[in-house]
Structures are given as structure tokens and as C-alpha cells.
Amino acid sequence: MTAQPTALSLLPDGRLKIDWNDDTVRVYKPRELREASPDALTREKKSHVAEKPANELTVLSPAETAPLTIRGMNPVGHYAYQIVFSDGHDSGIYRYEYLYELGEPYQA
């Protein structure tokens, strides 16, 4: 049986907390979720990192320098969430199985 989320909440420090139906509770940092986005553009950017010269600097936009936050989560059927980030990224579909593997156990 696939674990299902039973509750979602944002903690005061900005982390996402998900309670699962098997009594597991996990927390997720927005930056880690954003970098783990399963969308094609994120995967493509990761594959091109190795192609850049080591001394080449990336110019960041103001949105990229601001603290990343989660602005919303939209259910996708009964199997995933679309996460909306403060940098405008919203194209990743996070299947429950994938979310369950990410993050870390919640320490109250």
C-alpha cells in the first residue's frame, strides 16, 4: 500500500510538514524540494551543470537570491501534489511515493 498524506502544514521556520497515514511525519526544506523537482527543466539544468567551466559564475536574479518559500500545494488526482514556490516554479509534480522518500523525520 502506498503511503498517503493525511495533513500538510508549514512550520514557523518555513519547512513543510507532512503527516502520513502510516503515522510517519516528515519535514521538508523548501530549497531541497525545489532542487529535487521532478520536472524536465530542473533535470535539464542539472545535466548541464557538469558542462560549465569550473570558473564560470552564474548571475542570479533577485528572485533567486530571496529566501525560497512554499506558496501553495495543489493536489494532482489522488497520487501527487504540484508545489508552488516563491520563485515562480510550479511545474514539478511530486508523486506521494517520491515525497515520502524526501525530507527527514520530524523532531517535535
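So, here's what we can say about the structure.

Reading the values: the criteria
Residues numbered from 1 in each chain as written. Predicted model: local features only at pLDDT ≥ 70, side-chain atom pairs only at ≥ 80, totals over all residues. Heavy atoms only, no water. Helix = DSSP H or I, 4+ residues; strand = E, 2+ residues; numbered from the N terminus. Buried < 20%, exposed > 50% of the residue type's maximum accessible area, 1.4 Å probe, protein only. Contact = heavy atoms within 4.5 Å. Areas by Shrake-Rupley, 256 points an atom, 1.4 Å probe, with all protein chains shown as cover. Pairing = 2+ DSSP bridges. Axes fitted to C-alpha atoms, helices over the stretch in contact; angles between N-to-C directions. Phe/Tyr/Trp six-rings, centres within 6.5 Å; stacked < 30°, edge-to-face > 60°. Lys NZ or Arg CZ within 6 Å of the ring centre and 35° of its normal. Core = buried A, V, L, I, M, F, W, Y, C linked by side-chain atoms within 4.5 Å.

### Thoughts on the overall build of the protein chain
Argument step 1. Looking only at helices and strands, the protein chain has 4 helices and 7 strands in total.
Argument step 2. Along the protein chain, helices and strands appear, N-terminal first, in the series β-β-β-α-α-α-β-β-β-α-β.
Argument step 3. Buried positions account for 31% of the 108 residues belonging to the protein chain.
Argument step 4. In the protein chain, 43% of the contacts between residues at least 6 apart in sequence involve partners at least 24 apart.
Argument step 5. Within the structure as shown, the protein chain displays about 7100 Å² of accessible surface, and the carbon and sulfur contribution to it stands at 54%.

### A closer look at the sheet that holds strand β6 (residues 93-95)
Argument step 1. Read from one edge to the other, the open sheet built from 3 strands follows the order β4-β5-β6, with strand pairing classed as antiparallel. The strands lining the two open edges of the sheet, one partner per strand, are β4 (70-76) and β6. On average, adjacent strands in this sheet sit at an angle of 30 degrees to one another, irrespective of strand direction.
Argument step 2. Examined bridge by bridge, strand β5 (residues 80-85) and β6 share 3 bridges and lie antiparallel to one another. What sits directly across from Tyr81, in β6, is Tyr94.

### Examining the packing of aromatic side chains
Argument step 1. In this structure the tally under the stated criterion is 4 aromatic pairs.
Argument step 2. Aromatic side chains Trp20 and Tyr96 sit 6.5 Å apart centroid to centroid with 80 degrees between the ring planes, which places their arrangement in the edge-to-face category. One end of the pair, Trp20, is in strand β2 (residues 16-20); the other, Tyr96, is in helix α4 (residues 96-101), with 76 residues separating them in the sequence.
Argument step 3. Owing to a relative accessible area of 3%, Trp20 belongs among the buried residues under this scheme.
Argument step 4. Seen in terms of ring centroids, Tyr81 and Tyr96 are 5.7 Å apart; in terms of plane orientation they differ by 50 degrees. Their pairing is tilted. On the criterion of sequence distance, the pair formed by Tyr81 in strand β5 and Tyr96 in helix α4 is long-range, its members being 15 residues apart. The same class applies to Tyr81 and to Tyr96, which are both buried.
Argument step 5. Joined through ring pairs, the aromatic side chains of Trp20, Tyr81, Tyr96 and Tyr100 make up one cluster.
Argument step 6. Directly above the aromatic system of Tyr106 lies the positively charged group of Lys17, at a separation of 5.4 Å from the ring centroid.

### Focus on the nonpolar core
Argument step 1. If you look at the biggest cluster of nonpolar residues, it comprises 17 residues, and the most contacted ones within it are Tyr28, Leu33 and Leu99.
Argument step 2. Put simply, the parts of the chain that give this core at least two residues each are β2, β4, β5 and α4.

### Focus: the environment of Pro75
Argument step 1. Locating Pro75 in the fold gives a position in strand β4.
Argument step 2. For Pro75, a relative accessible area of 58% translates into the label exposed.
Argument step 3. When sequence neighbours within four positions are dropped, the list of residues in contact with Pro75 reads Ala80 and Tyr81.

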